[in-house]
Structure formats: structure tokens, C-alpha cells
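Structural characterization, general
Here's the letter readout for the chains.
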Amino acid sequence: MRLVPLLISAVVTTGLVVTLSMPLGSIPPLGGFLSPQEGFWQNAEPTDQDYTMTLRLPPLKEQAEVYFDDRLVPHVFAQNDEDLYFIQGYLHAKFRLWQMEFQTHAAAGRLSEVLGRGEENRILDFDRNMRRLGMVYAANNSLQVMESDTTTKKVLDAYTAGVNSYIDQLTAGSLPLEYRLLNYRPEHWTNLKTALFLKYMSYDLTGSENDIEYTNAKSVLSRELFDRLYPITQDSLYPIVPKGTDFPLPAIQPVAPATADSLYFRWKDSATIVPINKPDKDNGSNNWAVSGNKTQSGRPILCNDPHLGLSLPSLWFEMQLHTPQSNAYGASFPGSPAIIIGFTDQVAWGVTNASRDVKDYYAIRFKDESRQEYWFDSAWKPAIVKTEAFKVKGGPVVLDTVAYTIFGPVQYDASFNGFDRATAETNLAVRWQAHDGSNELKTFYLLNRATGYADYLDAIKHFTCPGQNFVFASKDNQIAIWQQGLFPAKWKRQGDFVMPGTDSSYRWQGNIPQPENPNVTTGVDFVSSANQLPADTTYPYYLGGNFDLYRGFAINRYLRQMQGITVEDMQALQTQNYNVFAEMALPVLLKNIKEHMLANDEKALLETVRSWNLRNDPEEKGVAIFTAWFSNLEAEVWSDELAAAPKPVIMPESFTLVEALLRDSAFAQADNITTPNKETVADVVTTAFKKAVPLLKKADAEGRLAWGKYKDSGIRHLLRQAPLSRFHLNTGGGEHVINATKQFHGPSWRMIVHLTDKTDAWGIYPGGQQGNPGSKYYDNFVDDWAAGKYKKLWMMTETEGKSPQVKYTMTFNKL
């Protein structure tokens, strides 16, 4: 009789083994996940974790040392470039491997492999969009250029070998947590993955085009009204290149096609496609440099803070890279060699987004549904047809056919039509500057070795896409800024709308020569950029794109007034919460509101915003009231004009409305054309205020009207997992403010470099060096970042290996 219980026990045990070894929906196999030896428990890092170790790795040529300070910042001392970038790859992988691979999976359109289709196919659509945009095509083109350069190839190969050296050492017990949660393992790194990561930054920073949205707006607006709603310049502009600068005659004078009036400007077709996953329009940055003429020390100071989506693990990884021939410190990208934003022993540099439009759409006419041939220059031309295969977690492989034309890939067609809203005849090919092969990595390699202005200028000439404003300062007291990139020379409004794809006359006619890019190199005490227009309308080329106005205005006004500047002054400026946008807009609103029509509770809110000090500090309530009020005003003013436009459509920029109201008290668009009445500015200002009140009263009743709580900033994990994120940070700042902290977007790295004899540098980012959520170094910078504090950046020397600041040491030996 003992056999029966034995059989029952065996069946139960077998069932448990099978159950624990299989995933249950989105839940990983619980056996491995909960295993004490190999499960997620292994990610819980002890508070006294010791990172000191000695490694012997075959590819190394010589011994190298890595000293970690108390913030877990590695200071790498190698004897040659190959060892330097091998170790950088190894360290990036050791601390950020899952993040590196996840980001390149996103760039390559491979997230479905690890996440599945997603709700309503959203993840699969994201993947299809990335392939159809040509991300892999573009990365391969750039890789070909990068690997044709001996230096860059050497750097890429060393970095890749370093990453793979770490991957090959991974055990089940040392696997990053996210791999366990998603139940997959890392694959080997390749040079293409580095190219994909760099291309993802191009994607994130050239997303300011609105071709489809503008085409839809144009379909219902007159040309004159479109120009008023979407102007190409601004009254209050303070450009990067000071007004009054003489520009040389352009080397290229693009000519609009003879058919532009009939086929382009007066063409009333729409583009009813919802673009998928457009990057945040506020992806941008601030940077500036002041010469010694304006500083207390007589030495220049350079500042930079890139504004991007805030995530955990952080986009950045801080480190120092040293060889006998080079020494650089700053923020690096896990996934790419070199320091991206930082300083050497002699110079410092930083970047902001140029915000120029280098991505255009063309309407393609195919011969038939096979999309094998398309009409171009009076003949049928063969398309290159590629079949993309998507592995999908938990499902069959999905195939997608993409046609490539002379312009580029057809991103949208009948099979990928923006949530089924486009007609079967809609085929939009995309021409993107990032499709062209380029070698941006060479720029950073050379900047990491720069000793002066000539080196800086030589380095940035390799940078083509995304266009960036490279600010520079050196210890010999030179400052400069160049808007650097490969920008197509366009006729006025070229590429603002979807263009005909049947005529070669609508193609780009050449690129602006690099020496004609906007720049400031002499005769000034400060240079700056904050994603504003680089020049006024005297610049001989059409600029296109979408540009901020108020951060640049505020920065330049402060810098113009400041003298005897110190590092502390620069820290205060970089975290400045004064709202110059509200300074211009609020008086117009207060002047026009019909106070006699307000109820007592509405008057109380009005009094709060009237007495507001115009600062976006966390405790201020006026900023929440102003923000809600102005947002409603924009909807009141523009919604009627755009109501008839096909969707998607985009509202005019905030500065358009403010400058129109300042210019014209009888602003015609205040009238709601859908009503029989004639509304005035006072009518819409009052209506907008009243509509904002219920939301504001609710926030006040819940104790959320103070700006820090109203904005409710946070830093989300890349998988949007709440336990791995940081929420409810009480921060100031916001849109149009120098401290550009929004809810989940803002200054991703703050850096200040004072170029004294021994460089005095400060910085911080909202995260931590370790990508493991179970480590104390995962998010240990977040609270200080939210409070506007900085960390001293230590440019270590090789003789300081015994310094008390060194907490751990890794020794890398060759075999």
C-alpha cells in the first residue's frame, strides 16, 4: 500500500517541477526566479558590497587600474586606447547591461521579442515603426562609415570585446533583475548595437518635425492664416548668433519647384495618419560658456544640462577615461565608447539640440498594391522591397513588407496606416538625414583628446546628425559655440508639409557647407543656446524645425547682467525657476479678465495668481493656476480654427498666442467662428479661467495645488515598473523655465566646469551608477538632484591611487 502515496507524491512533485519551470503569462518561471542560489534574491546587494577585485582577461595588452570613488564613479587608468575602451565596455556592461541591450532592442524594433505584442499591438507597432523609419538601415550605413575609419574601428572593436568579456562571465546568479523578470538572457554585443544606440539618439533628437500635422492644418487654413498660427520666427527672439551679425552670401541657393504653389502650398489633401511614438517635443537642453571677463576668477566657466526623458537606470554613466595620451571626465552613454559631455585637462564642451527639421515625408504613387514600382520623374521606377521579420514573445513570427524608394523607406502605407485612419492610397516615404552613413563617434573620440579650439573645431566637423549646438571653453580663455550638423539647404517652408514624391524637384538640393553653420567664436563675453532659433531671418538659409523661445531669452538676460560670476552663481542659474514666459503672458491675462463675472471662489484663485512671484518653486500655487489658465486659453482660441482639420493636428506654440496678444489687443482669432457672437480677447480669457477653476479647486481641496505636488515629478523605470521607479519628487521648474523639470522629463545631467589651473567641476544626474535596483547606488543621486544640489567631480591623477577618496580598486591584468 506504500506504492499509492509514493505515486501520488511523484505526480505532485513532477507537476510542481513542470509548473515552476514554465512561464505563467507574463510571470517568469517561478522555480528559477525564486531560487535562493540563482533567483532574484541574488540582486539584493549588501550595503557593504566590495567592488575591489583583480581580473585577468585575454584581450588586454597591459595592466590597467580602475579606482572607484565614494559615488561609485570609475576612474580608468589604461596604457593604450584598446585597453581603455575594452575596460569602458566591461564596466558599462557590469553596471548597466540590461539597459544597454534593452535600448538597442528598442532602436532595432525588437522589443516584441522580450515584451510580446502589447495591448492593442502597441509594442509590435512600435517595433514596426522603428524598422519602417529605417533605424536598422541607418545604423548599418553609419557602421560602414565608422568601420572604414581605422581609429573608430579600433575603438568599437575594443568596446564590444569588453562588453562581451563581461557577458561571458555572467552566471545565472549574477544575471540582472530585468532579465529574470522578463525571462530571457543577454546576447553578445556587436559594433552594430553601438551604431543602433547612437542612431536612437538621432531618433530622439530629430523628432521636432510636424509634417503630417502641418499638412492637416494647411488643408483647412489659408496660407496667410497658417503663417500667423505657425510663424517661422518670433518677436522676442534672442538667437544663438546675436542679431546684427553679417552672414556671407550662401554657397547654395535652393530654388522652389515651379509647381510649388499648385502642388504644395495650395494642395488641400490631408495626411490622416497618427504618427506612432513621436519623441517628446521638449527634448532639448541648455548650455552656455562665460569668458574670464565676466568671472570672479578671470577664468571661463562652461555649463550644460541636456533635457531628456528621466528614467531608471539613468541614461548617463559618469566616469573618467585616462591614458598617457588622453584624459577625459564626464557623462558617458552605456552602449557607446567615450565621454559624451565633459572636459579634458584643457577644455570643456557641452551640447544642446539644434531642433532643425532634417526629416521630411513624400507622398508616393505606387503602380499597384504590390508596391514593386512607383511613379517618379515621368516613369515607373522599381522599389526595393524588404521583408522584415518580428519575433514575438508567446506568438508566431510577424512579417512586414517595406518598400524603399529614392527618398527612403515607405514608413506609412495601407498595411501600416496609423490606427487604420489612412486611405489605402496613402503611401509616405521618409527622407531622414540620419539615413546617411556618418561617424559621430569620431567627434567624441577627438573631443576626449582636445587641448584647444582647433581640436574642438576639427572634432565637431565629423558630427552630422542629430544637429547639435556644441559649446566650448578652454583654459586659454577662449569660448565658442557652433551649431553643428549636416543640414539640407531648403527653400522657404520646404519639408514643413508632406511633399509630392513624383517629382525630383522636391528633393533636397544639397547640404549647407559646414563653415556656413551658425557660430559665435569671437568678440563676446558669453555664448549660449537653449534650443532657440540659431539666427534671425537675415541668416541666408531656411531653418525649419520647432524652437523654444523663453529659456534662451531668460539665460541671455541673466548672463548679460551678471559680473564676477562664480560656480555658485552658475549653479543658481542652472536651477533657476523664474518663469519669463509668465512674465510676458500673465499681465495680458490679468488685464483682460472680467473680474466682475467671477464667483467668490474664482476670485480667490485669481488673487493667488495675481500675487504670484512668477517663480516655479515647489511651494508656489500661482504657477499651477497660470498653467491651467493658459492651457485652456490656447484651446479656446485655436480649437475653432482647427476643428475642421483632419487629425492629427497640432496647436500653435505658446509664444504664438502670447506675442499675438501683445501685438494686437483686438486679436481676430479670439472670435469663436462656430458661434454667432463676436468673442473678444476678454471673453476668451475669462472663459478659459472659469473652465480651469474646477480642476484647480479639486487640486486645492486635495492639497495638490502647490506646484511641486501639482506637477508631481518622478523618474520611471524603463519597464514602467512602479517598485523600481521614484515618484512624487517635490521639484520646481517646468516648461519654458531654465530648470526645465517637467513630470517625467528634464535635466538628465547637470554639469558646471570652471577652467581654473586645476579644473573645478560639478555635476549630478537623477539616478545612480549601479543599474541594479537592489544596490544602494541605484538611485542615490536622486534626492540631491531634486533639491538642486551638485556633486564635486574629481579629475583624479594617477598618483592619487591611495587617496581616501578611493573606495574600491579593480585591477585588470592581461593573461
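Chains are numbered independently. Their residues run from 1 in the order of the written sequence. At least 70 in pLDDT is required for a residue's local features to be given in this predicted model, at least 80 for side-chain atom pairs to be given and counted, and no such filter applies to totals for whole chains, interfaces and linings, which use all residues. Side-chain measures were taken over the full set of non-hydrogen atoms in the model, leaving aside hydrogen atoms and water.

Looking at empty space enclosed by the protein
Points on a 1 Å grid, built from protein atoms alone, make a cavity when a 1.4 Å probe fits but cannot get out and make a pocket when they are open with protein on both sides within 12 Å along at least 5 of 7 lines; residues with an atom within 4 Å of a point are the lining residues. Grid points are joined across faces, edges and corners, and a volume is the space filled by probe spheres set on the points. This structure, assessed with the given rule, holds seven cavities of 30 Å³ or more. Reported here for the largest cavity is a volume of approximately 300 Å³. Along the walls of the largest cavity sit 25 residues, with Met 201, Leu 205, Phe 333, Phe 463 and Pro 466 positioned nearest its centre. Secondary-structure elements contributing two or more residues to the lining of the largest cavity are α6 (135-148), α9 (191-205), β4 (284-290), β5 (301-309), β10 (347-353) and α13 (440-447). Tallying contributions element by element places α9 first for the lining of the largest cavity, with six residues. Only DSSP runs of H or I covering at least 4 residues are called helices, and only runs of E covering at least 2 are called strands; the numbering of each starts at the N terminus.

Some points on unusual backbone geometry
Residues Leu 312 and Pro 313 are joined by a peptide bond in cis, for which omega reads -5°. Along the chain, Pro 313 turns up in the loop between β6 (311-312) and β7 (317-323). Note the cis peptide between Cys 465 and Pro 466, where omega equals 5°. Topologically, Pro 466 is positioned in the loop between α14 (453-460) and β18 (468-474). Even without a glycine there, the phi angle at Leu 72 is positive, about 65°. Structurally, Leu 72 is set in the loop between β2 (64-68) and β3 (74-77).

Observations concerning the pairing of strand β15 (residues 398-404)
Where a strand is regular, its side chains alternate between the two sheet faces. For every residue, the accessible area obtained with a 1.4 Å probe (protein chains only) is divided by the maximum for its type, and the residue is called buried under 20%, exposed over 50%, and partly exposed between those limits. Taken across its seven residues, β15 has five buried, putting it largely inside the fold. Direction of pairing for strand β14 (residues 384-390) relative to β15: antiparallel, over a ladder of seven bridges. Bridging from a neighbouring strand, Ala 389 pairs with Leu 399 of β15. In short, DSSP must find at least two bridges between two strands for them to pair.

A look at the pattern of salt bridges
Salt bridge, as used here: a side-chain nitrogen of Lys or Arg that lies within 4 Å of a carboxyl oxygen of Asp or Glu. Overall, the coordinates contain 43 salt bridges when judged by the stated rule. Taking the shortest distance from any N to any O, the salt bridge between Asp 548 and Arg 551 comes out at 3.9 Å. Judged by relative accessible area, which is 13%, Asp 548 ranks as buried.

Digging into the sheet that holds strand β11 (residues 359-363)
With respect to topology, four strands assemble into an open sheet ordered β16-β17-β11-β20, the strand pairing being mixed. In this open sheet, the two edge strands, each paired with only one partner strand, are β16 (410-412) and β20 (499-500). Where β16 meets strand β17 (residues 428-432), two bridges bridge the pair, whose relative direction is antiparallel. From the neighbouring strand, Val 410 faces β17, where its bridge partner is Ala 429.

Section: the side chain of Asp 83
Along the polypeptide, Asp 83 turns up in helix α3 (residues 81-107). Charge assignment: positive for Lys and Arg, negative for Asp and Glu; neither His nor the chain ends contribute. One buried charge, Asp 83, has no salt-bridge partner; the nearest side chain with opposite charge is Lys 61, at 6.5 Å. Here a polar contact is taken to be a pair of N or O atoms separated by no more than 3.5 Å, where protein atoms must pair a possible hydrogen donor with a possible acceptor and residues adjacent in sequence count only if both atoms sit in side chains. Within the local environment of Asp 83, its side chain forms a polar contact with the backbone nitrogen of Lys 61, the two atoms lying 3.0 Å apart. By the convention used here, residues are in contact when the closest approach between their heavy atoms is within 4.5 Å. Setting aside anything within four residues of it in sequence, one finds Asp 83 in contact with Pro 59, Leu 60, Lys 61, Glu 62 and Ala 78.

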